[in-house]
Amino acid sequence: MEFVPFNRTLQVCDDVDVLVVGAGPAGICAGISAARGGAKTLVIDQYGCVGGAATVNCVGPFMTCYDAKNEYMIIKGLFSEVLERMKALGGAIDPALVEAETSRAGFYKIGHAHVGPFDHECYKRVCTDMILESGARLLLYTQFVDVITDDGRVEGVAVCGKDGLRVIRSKVIVDCTGDGDVAVRAGAKFELGRVEDGNMQPATLFFRVYNVDSKRLAEHIREHRDEIKPFYGPFSWLIREKAEQWGDVPRAEVCLFEGVNEGEYRLNVTRILDVDGTKADDLTRAEIEGIRQAHKVFDFLKKYAVGFENAVIMDTAPAVGIRETRHIDGIKRLTADDVKACSAPGDTIAVMATNMDTHNKSDPGGTYFTLQNGRYFGVPYGCLVPRGIENMLVAGRSISSDAVAGSAIRMIPCCMAFGQAAGTAAAMAIKEGITPDKVDTSKLRAELVRQGAYLGEA
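Residues numbered from 1 in each chain as written. Predicted model: local features only at pLDDT ≥ 70, side-chain atom pairs only at ≥ 80, totals over all residues. Heavy atoms only, no water.

**Student:** Would you take a moment to explain the overall build of the protein chain for this structure?
**Tutor:** Along the backbone of the protein chain there are twelve helices and 17 strands. Taken over C-alpha atoms, the radius of gyration comes to 21 Å for the protein chain, in line with the 23 Å a tight globule of 458 residues would show. Counting over 458 residues, the protein chain shows a buried share of 58%. Here the protein chain has roughly 18400 Å² of accessible surface; of this, 49% comes from carbon and sulfur atoms. (Helix = DSSP H or I, 4+ residues; strand = E, 2+ residues; numbered from the N terminus. Rg over C-alpha atoms; globule rule 2.2 N^0.38 Å. Buried < 20%, exposed > 50% of the residue type's maximum accessible area, 1.4 Å probe, protein only. Areas by Shrake-Rupley, 256 points an atom, 1.4 Å probe, with all protein chains shown as cover.)

Structure follows, in structure tokens:
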């Protein structure tokens, strides 16, 4: 491998209190909460819009924000604010209205009651408005490149856009890249995927179709209800029957969710194996393979699936969706045992009941663990604090966890809760003149509750 020297003196284009890198679900909430807390805040993103997984990757619906018994909503705070504004615009359906085994729950029997169908254009609009209303600034088309560090402290980050290479200085950085890119460049340790075998969950390119006959589809699936295993979705019987025509798509079910508009479905079916989402070559291969699989699946459904006879493909997502890459080494770590035990320690900054959903190479339907020992589990603040970097927080799916626990906290509502906690903590650190690891978690929890978050039974 050949190396060449590269040295540049870069212009400082911004000097802020809090820099949020990545405007996905976590970054949106981190930026809003930091700015509302009085910090001079800048949110940057490589794409031309906010939303990340919820817009650029077309992921949906919102996975459950309810407790494990499906009785009450437990992910609230900024997530609730966004949801209410979207509902008012007709761009979301209240999760309270979505029951298991219905089209908007993907016809699943378990784990998908009270999911939240939403329109990703509405999400984009609402979240952009809320970032700007909070007083935070937004800078799109801006790619994170590297960090400028001094003895464990990140003094600024180098970014690249149409303006070329520039530097943004910040007192606190919140890494919401999803892959822990900023933390890793700053020297944070991490695990990549599952350390036992190096497996990372497969990538998926979502696609959308419309003009599906939902009534006939639902009737057909009800006739085959007993063939839907606890996690496998519908049409596993059709895939078995038409195995030759299904071909080489490594998925044993059709995961599909009806959206806000009747007859419009998002399909989470493509399955691209052995993708390292931290490598451009792998992402490119995944994108190409995802498009091939998406059209193959659509053609199959249109030809053989009840209700899809007159369906029309709307689009494939602008970018392939990545479920898992790095798990940053934090001062605390969430484990699968913590999730199974429904543990909620005293420094919990978010509670959730999302199940451990581990898509993997060995099972074309994935492996699914439901919560059995309580209503929810809690994520400690220390999972957001990377070890050895004094002025950084990490929010989103790359927080400190093992791979199996990570499969339970990667969903959009979870990441929004982490972002709200991280942004709030960053603003508190600025106001008190301390580093994020020194933030009093009891004060942080009290502030999150004041903001409408639910942190478990008192």
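**Student:** I tried to follow the side chain of D175 on my own but got confused; where do I start?
**Tutor:** Structurally, the position occupied by D175 is in strand β6 (residues 164–175). Among the polar contacts made by the side chain of D175, one reaches the main-chain amide nitrogen of D181 at a distance of 3.4 Å. Residues contacting D175, with those up to four places away along its chain left out, are V21, G180, D181, V182, A183, M392, L393, V394 and A395. (Polar contact = N/O pair within 3.5 Å; in protein donor to acceptor, adjacent residues only side chain to side chain. Contact = heavy atoms within 4.5 Å.)

**Student:** Help me out: how do you make sense of the pairing of strand β8 (residues 207–210) in this one?
**Tutor:** Consecutive residues of a regular strand have side chains that alternate between opposite faces of the sheet. Inspection of the sheet shows β8 paired to strand β10 (residues 265–267) by three bridges, in the antiparallel sense. Its bridge partner lying in β10, F207 is registered against L267. Direction of pairing for β8 relative to strand β11 (residues 312–316): antiparallel, over a ladder of four bridges. Paired with R208 across the bridge in β11 is D315. (Pairing = 2+ DSSP bridges.)

**Student:** Is there a simple way to explain the pairing of strand β1 (residues 11–21) in this structure?
**Tutor:** Alignment of β1 against β6, held across nine bridges, turns out to be parallel. Bridging from a neighbouring strand, L19 pairs with I173 of β6.

**Student:** Is there a simple way to think about the state of the cysteines in this case?
**Tutor:** Throughout the structure, instances matching the rule amount to zero disulfides. Cysteine C65 is unpaired, with the sulfur of C414 as its nearest cysteine sulfur at 9.8 Å. The closest cysteine sulfur to the non-disulfide-bonded C342 is located on C414, 14 Å from its own sulfur. Look at C342 and you get buried, because its relative accessible area is 12%. (Disulfide = S-S within 2.5 Å.)

**Student:** What am I meant to see in the side chain of R166 here?
**Tutor:** The residue R166 is located in strand β6 in this model. Relative accessible area serves as the criterion here: at 17%, R166 is assigned to the buried category. Not counting the four nearest positions on each side in its chain, R166 is found in contact with L10, Q11, C13, L139, V157, A158 and V159.

**Student:** I'm lost on unusual backbone geometry in this one. Help?
**Tutor:** Most peptide bonds take the trans configuration, and most residues that are not glycine carry a negative phi. Along the chain, G60 connects to P61 via a cis peptide bond; the corresponding omega equals 0°. Note on placement: P61 falls in the loop between β2 (41–44) and α2 (78–88). Unlike most non-glycine residues, F107 shows phi in positive territory, near 65°. In this fold, F107 is placed in the loop between α2 and α3 (120–134).

**Student:** Is there a simple way to think about a negative patch on the surface in this case?
**Tutor:** Residues D213, E219, E223 and E262 make up a contiguous surface patch of negative charge. Its location among the elements puts E223 in helix α5 (residues 214–223). (Patch = residues over 30% accessible without salt bridge, like charges linked within 9 Å, V, L, I, M, F, W, Y side chains within 5 Å. Salt bridge = Lys/Arg side-chain N within 4 Å of Asp/Glu carboxyl O. Lys, Arg positive; Asp, Glu negative; His and termini not counted. Charge placed at Lys NZ, Arg CZ, Asp CG, Glu CD.)

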